[in-house]
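Structural overview for review
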Amino acid sequence: MLEDVPRDPFADDPDDPAAALGEPDDSEPLTPAERDEAITDLADVEVFRSLLEPQGVAGLVLDCPECGEQHYFDWDLLRGNLRQMIENGQPQVHEPAYQPNPTNYVSWDYAQGYADGVIDTEEQR
Ligand SMILES: [Zn+2]
């Protein structure tokens, strides 16, 4: 295969967001609404994974609110981040997947649409 290797999105970026990981913890605790949202997201992620992982989807690509880039999160990372938000009240860790293959990731909207489609199909049986 002569496919291009996915390039590191921060290879040329002097402001590599990973560099900020070691900073003192100045993050705001989650509000109750944010925590509820994380619980809902976690349930959605479990549904998406059960439907999409057998199709070869490795995880989701999400727009990062911190740096505005798109990051690839595999299923374990998504679940781990959300659990940490829920249990520790801390916003998600800025830790995208390592050298992801973008073709294996889908957007949240795609996953949502796929899940809705499967549920519709099952209801029509
Ligand atoms: Zn980011």
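About the cut-offs
Residues numbered from 1 in each chain as written. Predicted model: local features only at pLDDT ≥ 70, side-chain atom pairs only at ≥ 80, totals over all residues. Heavy atoms only, no water. Core = buried A, V, L, I, M, F, W, Y, C linked by side-chain atoms within 4.5 Å. Buried < 20%, exposed > 50% of the residue type's maximum accessible area, 1.4 Å probe, protein only. Contact = heavy atoms within 4.5 Å. Salt bridge = Lys/Arg side-chain N within 4 Å of Asp/Glu carboxyl O. Helix = DSSP H or I, 4+ residues; strand = E, 2+ residues; numbered from the N terminus. Patch = residues over 30% accessible without salt bridge, like charges linked within 9 Å, V, L, I, M, F, W, Y side chains within 5 Å. Areas by Shrake-Rupley, 256 points an atom, 1.4 Å probe, with all protein chains shown as cover. Lys, Arg positive; Asp, Glu negative; His and termini not counted. Charge placed at Lys NZ, Arg CZ, Asp CG, Glu CD. Phe/Tyr/Trp six-rings, centres within 6.5 Å; stacked < 30°, edge-to-face > 60°.

Looking up the protein chain in an unreviewed UniProt entry gives the name DUF5319 domain-containing protein, with the organism given as Planobispora takensis.

Some thoughts on the nonpolar core
The tendency in soluble globular proteins is for nonpolar side chains to be buried side by side. In terms of nonpolar packing, the biggest core is built from 20 residues, with Phe48, Leu52, Leu60, Trp75 and Leu78 touching the most fellow members. Each residue touching Phe48, except ones within four places of it in the same chain, is listed here: Glu53, Leu60, Trp75, Trp108, Ala111, Gln112 and Ala115.

Notes on the pattern of salt bridges
Under the counting rule described, the total for this entry stands at four salt bridges. A salt bridge links Arg49 to Glu53; the nearest nitrogen and oxygen atoms lie 3.2 Å apart. We classify Arg49 as buried; its relative accessible area is 17%. Since its relative accessible area comes to 38%, Glu53 is described here as partly exposed. Among the salt bridges present, the one from Arg79 reaches Asp76, with a minimum N-O distance of 3.4 Å. One end of the pair is Arg79 and the other is Asp76, both in helix α2 (residues 75-88) and three residues apart, which spans about a single turn. We classify Arg79 as partly exposed; its relative accessible area is 24%.

Brief notes about a negative patch on the surface
On the surface, a cluster of negative charge is made up of Asp116, Asp120, Glu122 and Glu123. Mapped onto the elements of the fold, Glu123 is located in helix α3 (residues 108-124).

Let's talk about the packing of aromatic side chains
If you walk through the whole model with that rule in mind, you get three aromatic pairs. Ring plane angle 80° and centroid distance 5.1 Å describe the contact between Phe48 and Trp108, whose orientation is recorded as edge-to-face. One end of the pair, Phe48, is in helix α1 (residues 32-52); the other, Trp108, is in helix α3, and 60 residues separate them in sequence. An identical accessibility class is assigned to Phe48 and Trp108; each is buried. Look at Tyr110 and Tyr114: their rings are 6.3 Å apart centre to centre, the planes differ by 25°, and that puts the pair in the stacked class.

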